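If you want the building blocks of each chain, they are given just below.
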Number of protein chains: 2
Amino acid sequence: MTSEGHQEDIDIAAHMALLGQQARKASGWLRSSSTGQRNAALAAMADELSQQRDMLMEANARDMARGRDNGLSEALMDRLLLTPARVDAMIAGLETVAALPDPIGGIDEMRTQNNGLRIGRMRTPLGVIGIIYESRPNVTVDAAALCLKAGNAAILRGGSEAFESNCAIARCIASGLEKAGLPGHAIQLIETTSREAVGALITARDYVDVIIPRGGKSLIQRISEQASIPVIKHLEGLCHVFVDRHASLDMAAEIAFNAKCFRYGICGAMETLLVDQPVAEDFLPAMVERFQKAGVTVRGCDRVQKLADVEPATEEDWLTEYLGPVLSIRVVDDIEVAIEHINHYGSHHTDAIVSDHFGHAQRFLAEVDSSSVMVNAPTCFADGAQYGLGAEIGISTDKLHVRGPVGLEGLTTRKYIVLGDGHVRT
Amino acid sequence: MTSEGHQEDIDIAAHMALLGQQARKASGWLRSSSTGQRNAALAAMADELSQQRDMLMEANARDMARGRDNGLSEALMDRLLLTPARVDAMIAGLETVAALPDPIGGIDEMRTQNNGLRIGRMRTPLGVIGIIYESRPNVTVDAAALCLKAGNAAILRGGSEAFESNCAIARCIASGLEKAGLPGHAIQLIETTSREAVGALITARDYVDVIIPRGGKSLIQRISEQASIPVIKHLEGLCHVFVDRHASLDMAAEIAFNAKCFRYGICGAMETLLVDQPVAEDFLPAMVERFQKAGVTVRGCDRVQKLADVEPATEEDWLTEYLGPVLSIRVVDDIEVAIEHINHYGSHHTDAIVSDHFGHAQRFLAEVDSSSVMVNAPTCFADGAQYGLGAEIGISTDKLHVRGPVGLEGLTTRKYIVLGDGHVRT
């Protein structure tokens, strides 16, 4: 390591510690802020974005120019781009979050114990949230809004390609906070593109309560392996639809087609179709043809291959999240084998059964170990907006804390409150 | 490393993978087990323990003899000892857990979306839980009972001093499971005292969903630093009582005394007493004398030293969980400084205010960032039994997933269930 390199490490460590201390202090202030103040800050941020459009577009133009020079792909360039419509969408997003009910302060499970102590649980902010995301400038606004609404301070680290756009947005956010009488440090952007800053953020146990990475699987996997503080993560969506022997086959066809073809690239897209043996012959030939006509490559187990003209599926297929126009199909002996297949090969994200049989539906709901389990609906519904969460920070594939689409509640915790009248323990 | 050492590593890795696979498989079976079956297993375990008393006492006698030879401390020998009364307590514990309501299968927040989809959240087992604990044989039974009741498989790793006692108890547990028609592998004890086994357990991402260490702070800290799967942990309890200017001083004296002296060694014991400046002169002299008469060494800030004959408190004192007959006292300017002190120096475990002022009580409840926040009650009430949880696996000092005393609910997760009628997404 060169002495410059060493010098830079020290500066970044000190800088990150400063951000952390500021965030921790701001989170204390937010804990005593009112719902009205936090909503006023969201409104003021929206105003700032609206008034600073020119500044935002200029900053984004510089990011776009640098991206072009660096040969970014079309897809990345599109994510990076800010248009007037996208700025409008960011402003509308702030207004949506401001209109959601305040998740903080609610008390439930309040009960009186035999000795007269009243004990309940109060919902409170988590504290300081670190968010690491790729180069979509709108995430800067979304993440800030959700964290603030739930009473948390946030430290944001966006992709380096969007650096100037993010800095411009962060100035609007800080200004909105201060106009509402809240500390500007409540939402801080890491204003360096150094990788060491990410390392410091995900190990800052004293300052950060949870990390939420947003982006591709490899980013999230790397972050969660290296972090020493809890991570709320969204890994794979290897989703299944099981067509039970008691399914309405017309309904099953619509659901299976929608689950695959609504959008290939979303995490709720079906990757494997399981078909109960007694209905396979009636169901599969037309279904496979429909998929193939839509441009989907179909791979099947031995029994599927006897019913339709498909590629052979290998063990590897049952383990693959295609995120594209490929589908694997397996004929199973019964619901038990279907559930075993899903729990063994799946990613515990979202899985569906199509069945008119009450007992089979109940069994599938109880035994499939996934964050969302569906009956007679396609897996592509797995989404915070569809679930009525109002806004979503991500979809958790963890089992602890939050599971499935994560709204404001996932950014909070609950503490016990104990109300006495001079009780003592004997 | 010798070649034998290397050989042992391989065997242990393979052995732990086998335990993991067996646990994962058993957890699938438990997912489809009924409440009645799980309760029957708990009853059958109690029967087995009762019938196998002689075998248990003999195994324990061998552990005790080895402990004496190895020079274990009196305290450790006492924890290790099984007596007929302690076996009775284990049996009673199983009956208590069997009588608790089943935490699994409950559905809440069920709502109908605009499109007619019904979406709710169902409580389900976590899956496989790894429990690592010190040499108290009763924990083997307690942990097994709570995990099983919540539908989880468990892999238990007890302290090596209790090895033979734990093996004997584990045979009773397995036999009870099988008598109720559940897989004996649902609860497995690691039957080796090798340290590598712990390392394998806490990194077995494919097989274990969560680790719960029970024991001293150093054990828990080491486990949570080395684990690559989530850990529910109980670290420090550096608890405060704040006597507000609006407190009834008689009540405050009883609460402060009880918080410190109910038991010095529990995590809910008060370690620092904060006194509001306007009442310090009236309150402190008699209070300090009462503590000193009870054998408590009192250390105080400058202002306390002017009011009573105490040792000086240093910065270090505000950061120390004494777990013994020592108390630090600080006079603070007002409730704001008290809250700052608690959030800065405390361990976010349990903190109390004594006050008759409504606004001050509300503010303390909202702004103190601890797992339990109390009004007019001593911190020593922080305990699952006192909170009506029925049984407690530990007290979590984490903010995510569970916070404070952890009962059966902490051993579960919730999945979304989505009920449709052939809905498709457009």
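These figures come from a predicted structure and were not determined experimentally.

Calculation notes
Residues numbered from 1 in each chain as written. Chains lettered and ligands numbered in written order. Predicted model: local features only at pLDDT ≥ 70, side-chain atom pairs only at ≥ 80, totals over all residues. Heavy atoms only, no water. Helix = DSSP H or I, 4+ residues; strand = E, 2+ residues; numbered from the N terminus. Buried < 20%, exposed > 50% of the residue type's maximum accessible area, 1.4 Å probe, protein only. Contact = heavy atoms within 4.5 Å. Areas by Shrake-Rupley, 256 points an atom, 1.4 Å probe, with all protein chains shown as cover. Lys, Arg positive; Asp, Glu negative; His and termini not counted. Charge placed at Lys NZ, Arg CZ, Asp CG, Glu CD. Buried area = accessible area lost by both parts, 1.4 Å probe. Salt bridge = Lys/Arg side-chain N within 4 Å of Asp/Glu carboxyl O. Polar contact = N/O pair within 3.5 Å; in protein donor to acceptor, adjacent residues only side chain to side chain. Nonpolar A, V, L, I, M, F, W, Y, C, P; charged D, E, K, R; others polar. Pairing = 2+ DSSP bridges. Least-squares fit on C-alpha atoms with pLDDT ≥ 70 in both. Expected span 1.5 Å × (residues − 1). Right-handed = clockwise from strand over helix to strand, strands pointing away. pLDDT = per-residue confidence, 0-100. Phe/Tyr/Trp six-rings, centres within 6.5 Å; stacked < 30°, edge-to-face > 60°. Axes fitted to C-alpha atoms, helices over the stretch in contact; angles between N-to-C directions.

### A closer look at the overall build of chain A
Within chain A, the secondary structure is distributed over 15 helices and 16 strands. Along the first, second and third principal axes, the C-alpha atoms of chain A reach 70 × 65 × 45 Å. Taken over 426 residues, chain A has a buried fraction of 56%. For chain A, long-range pairs separated by at least 24 residues make up 73% of all intrachain contacts whose partners lie at least 6 apart in sequence. Carbon together with sulfur atoms contributes 49% to the accessible area of chain A, which is approximately 16800 Å² in total. Charged side chains of chain A number 40 positive and 56 negative; the gap between the two group centres comes to 6 Å.

### Quick notes on the interface of chain B and chain A
It is common to give the size of an interface as the accessible area that goes away when the parts come together. Contact residues are listed per partner, giving 66 residues for chain B and 66 residues for chain A. Among the residues of chain B in contact with chain A, L400(B), Y416(B) and R425(B) are the three that bury the most area, contributing 16% of the side total. Where chain B touches chain A, the interface holds 8 salt bridges. Two residues, R31(A) and D369(B), come together in a salt bridge whose shortest N-O distance is 3.3 Å. In this structure, the connection of chain B to chain A is made through 37 residue pairs in polar contact (both at pLDDT 80 or more). Breaking the side of chain B that touches chain A down by element, the ones donating at least two residues are helix 1 (3-31), strand 2 (118-125), helix 10 (249-261), helix 15 (358-367), strand 13 (372-375), strand 15 (404-406) and strand 16 (412-419) of chain B. For the side of chain B that touches chain A, the leading source of residues is strand 16 of chain B, giving 7 residues. In terms of residue class, the side of chain B that touches chain A is made up of 29 nonpolar, 19 polar and 18 charged. Of the strand pairs in this sheet, strand 16 (residues 412-419) of chain A and strand 13 of chain B are connected by 4 bridges, and their pairing is parallel.

### A short note on the relation of the copies chain B and chain A
Relating one copy of the chain to the other takes a rotation about an axis and a shift parallel to that axis. In screw terms, the move from chain B to chain A is a rotation of 180° and a rise of 0.0 Å along the axis, fitting with an RMSD of 0.0 Å. The operation mapping one copy onto its partner corresponds to a two-fold rotation axis. The position closest to the rotation axis in chain B is occupied by the C-alpha of H401(B), lying 1.8 Å away. Interface residue correspondence from chain B to chain A reaches 100%, placing this contact among same-surface, isologous pairings.

### Quick look at helix 7 (residues 163-179) of chain B
All names here are of chain B. Here helix 7 contains 17 residues, and its C-alpha end-to-end distance of 24 Å stays within 8% of the 24 Å for a straight helix at 1.5 Å per residue. Its buried side turned inward, helix 7 meets helix 2 (35-51), helix 3 (53-69), helix 5 (84-99), strand 3 (128-133), helix 6 (137-149) and strand 5 (187-189). Trailing helix 7 by a residue or two, G181 shows a phi angle of about 80°, which is positive.

### Overview of the pairing of strand 9 (residues 297-300) of chain B
Residue and element names in this part refer to chain B. Judged by which residues are buried, strand 9 turns out to be one-sided: V298 and G300 face inward and are buried, whereas T297 and R299, on the alternate face, are not. In this structure, strand 9 lies alongside strand 11 (residues 326-332), joined through 4 bridges in parallel fashion. What sits directly across from T297, in strand 11, is V326. Direction of pairing for strand 9 relative to strand 10 (residues 311-312): parallel, over a ladder of 2 bridges. Residue pairing for strand 10: R299 is matched across the bridge by E311. Where the polypeptide runs from strand 9 across helix 12 (residues 302-307) and back to strand 10, its parallel neighbour, the crossover connection is right-handed.

### Concerning the side chain of S355(A)
Residues and elements named next belong to chain A. Turning to its location among the elements, S355 is positioned in the loop between strand 12 (350-354) and helix 15 (358-367). The exposure class assigned to S355 is buried, which follows from its relative accessible area of 2%. Within the local environment of S355, its side chain forms a polar contact with the side chain of D244, the two groups lying 2.7 Å apart. Apart from the residues within four sequence positions on either side, S355 is in contact with D244, H246, A247, H360 and N376.

### As for the pairing of strand 3 (residues 128-133) of chain A
Within a regular strand, the side chains alternate between the two sheet faces. All names here are of chain A. In terms of residue burial, strand 3 counts as a mostly covered element, since 6 of its 6 residues are buried. By the alternation rule, side chains of strand 3 split into V128, G130 and I132 and I129, I131 and Y133, which are all buried. In terms of handedness, the path from strand 3 via helix 6 (residues 137-149) over to strand 4 (residues 153-157) forms a crossover that is right-handed. In terms of strand pairing, strand 3 meets strand 6 (residues 210-214) through 5 bridges, oriented parallel. Its bridge partner lying in strand 6, I129 is registered against V210.

### Comments concerning the pattern of salt bridges
Scanning the entire structure with this criterion turns up 56 salt bridges over all chains. A salt bridge links R86(A) to D78(A), with the shortest nitrogen-to-oxygen separation between them at 3.3 Å. Here E289(A) makes a salt bridge to K293(A), at a shortest N to O gap of 3.5 Å. Here K293(A) and E289(A) lie together in helix 11 (residues 277-293), a separation of 4 residues that amounts to about one turn. Beyond isolated ion pairs, a larger network of salt bridges with shared partners links R24(A), R31(A), D209(A), D369(B), K399(B) and R403(B).

### Observations concerning the side chain of S33(B)
Residue and element names in this part refer to chain B. With respect to the helices, strands and loops of the structure, S33 is situated in the loop between helix 1 and helix 2. Here L30 takes part through its backbone oxygen, which lies 2.6 Å from a polar atom of the side chain of S33. For S33, the side chain forms a polar contact with the side chain of R38, separated by 3.0 Å. Filtering out sequence-adjacent residues up to four positions away, S33 remains in contact with R38 and L182.

### What about the confidence of the model for chain A?
Residues and elements named next belong to chain A. On average, chain A scores 94 in pLDDT, and the residues at 70 or more come to 98%. Scored below 50 in pLDDT, residues 1-7 shows 2 contacts in the model against residues more than four places distant or in partner chains. At the level of chain-chain contacts, confidence expressed as ipTM amounts to 0.92, with global pTM at 0.92.

### Some details on the packing of aromatic side chains
The full count for this structure, using the stated rule, is 5 aromatic pairs over all chains. Taken together, a centroid distance of 4.8 Å and an interplanar angle of 55° make the contact between Y387(A) and Y416(B) tilted. Of the two residues, Y387(A) is situated in the loop between strand 13 (372-375) and strand 14 (394-396) and Y416(B) in strand 16; the pairing between them involves two chains. Comparing Y387(A) with Y416(B) shows no difference in burial state: the two are buried.

### Topic: the sheet that holds strand 10 (residues 311-312) of chain A
Two modes of strand pairing occur in sheets, parallel and antiparallel, and in both the strands are linked by backbone hydrogen bonds. The sheet built from 10 strands is open, its strands ordered 10(A)-9(A)-11(A)-8(A)-7(A)-12(A)-13(A)-16(B)-2(B)-1(B) with mixed pairing. A strand with exactly one partner marks an edge of an open sheet, and here the two such strands are strand 10 of chain A together with strand 1 (107-112) of chain B. Two strands pair when backbone bridges link them, and strand 12 of chain A and strand 13 of chain A are joined in this way by 4 bridges, in the parallel orientation. Its bridge partner being in strand 13 of chain A, I353(A) is matched across the sheet by V375(A). Contacts from helix 14 (residues 335-345) of chain A reach strand 7 (239-243), strand 8 (270-276), strand 11 (326-332) and strand 12 of chain A, with the element oriented near 160° to strand 8 of chain A.

### Re the environment of T96(B)
Locating T96(B) in the fold gives a position in helix 5. Counting along the chain gives 54 residues from T96(B) to L42(B), while the straight-line C-alpha distance between them is 9.7 Å.

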